[in-house]
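These are the residues of each chain, in order.
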Amino acid sequence: MAPPAPPPSRVFAELDLAPSPEGRVGPAALPGREVHVSGSAELSARPDRARVSLRLGSRKEAAVAARSSVSRRLQYIAHTARLHGIPEENMTVTEDFSRVENTYQMEAEVCIIFSDFGKMQNVCNLLIEKLGTSVTINPPHFYHTPEAIDSLRRQVCVTAVGNTRRKAQEVCQLFGQALGKPLLIKEEETKEWGGHIDSHLSLSADSQTLQEKIQNATAYASCRVFAVFEIKGKENRRSKLP
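Below is a short write-up of the structure. (Residues numbered from 1 in each chain as written. Predicted model: local features only at pLDDT ≥ 70, side-chain atom pairs only at ≥ 80, totals over all residues. Heavy atoms only, no water.)

**With respect to the overall build of the chain**
Phase 1 of the analysis: When helices and strands are tallied, the chain shows 4 helices and 9 strands.
Phase 2 of the analysis: When the helices and strands of the chain are placed in sequence order, the string is β-β-β-α-β-β-α-β-β-α-β-α-β.
Phase 3 of the analysis: Per-residue burial for the chain yields a buried fraction of 31% across its 242 residues.
Phase 4 of the analysis: When contacts within the chain are restricted to residue pairs at least 6 apart in sequence, long-range pairs at least 24 apart make up 81% of them. (Helix = DSSP H or I, 4+ residues; strand = E, 2+ residues; numbered from the N terminus. Buried < 20%, exposed > 50% of the residue type's maximum accessible area, 1.4 Å probe, protein only. Contact = heavy atoms within 4.5 Å.)

Shown next, in the form of structure tokens:
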């Protein structure tokens, strides 16, 4: 669950509208004329990766037969993945060969990482159709890459700064002033919740739909900033005499 919303941002502005020695307010910022503003933002990011694990095995009296049965299915899985544009570095195969009583047992696990979730569904559906019960496909594990989390952190900070600047600009316009350059921008608080990382296995129920799994793996971030801007008086435009 998302944390409670932060209290409404408070805006403090000290507007000194004293005229300049020439009897008018000039456009330049004067000492002590500042607007102090706090603002916040909250963003979310869906997972950008999914890892699917497939298990298959064979037990035969002859070692060659056990190896051959699993090998044929592994070749078909790799071929299907290549046809769907999955690079080889996104596939990992682990094999285990053992003797069980008077038979030979060959087991294999294939882990495939997808960045396109639609493509993931197509591959899994095709493998189920062609290989049937000879392959077990575990539910996908959705997660964020470090780059995706870093991008979310940057975006929420930049958005909070933009919201704060717009708020300061509206305050200045309310008093007929113009917003000057920033004097201070301070990130006061950041929060992150939700989401999964690659090494963290989700414990979501298998009965959840694909969209529910993606929603549960969505990451959230909030940021609150404090900023100080100069205040400039609006320039007086006098009509020129002919």
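**So, helix α1 (residues 63-83)**
Phase 1 of the analysis: Here α1 spans 31 Å end to end across 21 residues, near enough to the 30 Å set by a 1.5 Å rise per residue.
Phase 2 of the analysis: Among the residues of α1, A66, S69, V70, R73, L74, I77, A78, T80 and A81 are the ones counted as buried. Buried residues in α1, looked at end-on, bunch into an arc of 160°, giving them a common side. Opposite the buried face of α1, at more than 90 degrees from it, the exposed residues are V64, R72, Q75 and L83.
Phase 3 of the analysis: For α1, the secondary structure elements touched by its buried residues are β3 (49-60), β4 (91-100), β5 (103-114) and α2 (117-131). (Expected span 1.5 Å × (residues − 1). Arc of directions from axis to C-beta.)

**Quick word on the environment of M120**
Phase 1 of the analysis: Counting through the fold element by element, M120 comes out in helix α2.
Phase 2 of the analysis: Looking at M120, the relative accessible area reads 3%, which means it is buried.
Phase 3 of the analysis: When the C-alpha atoms of M120 and I86 are compared, they prove to be 9.6 Å apart, with 34 residues separating the residues in sequence.
Phase 4 of the analysis: Ignoring anything within four residues of it in the chain, the contact list for M120 reads A50, V52, F114, P140, F142 and L210.

**Some words on the environment of T164**
Phase 1 of the analysis: Inspection of the secondary structure assignment puts T164 in helix α3 (residues 146-174).
Phase 2 of the analysis: Between the C-alpha atoms of T164 and G39, which are 125 residues apart in sequence, the distance is 4.6 Å.
Phase 3 of the analysis: Ignoring anything within four residues of it in the chain, the contact list for T164 reads V37, S38, G39, V225, A227 and F229.

**What to know about the pairing of β3**
Phase 1 of the analysis: Note that β3 and strand β7 (residues 141-143) share 3 bridges and pair antiparallel. Bridging across to β7, R49 finds its partner in Y143.
Phase 2 of the analysis: Note: β3 against β5, 11 bridges, orientation antiparallel. Residue pairing for β5: A50 is matched across the bridge by F114.
Phase 3 of the analysis: As paired elements, β3 and strand β6 (residues 136-137) share 2 bridges and run antiparallel to each other. Bridge pairing links R55 to T136 in β6. (Pairing = 2+ DSSP bridges.)

So far we have only geometry, and geometry alone does not tell us how the molecule works.
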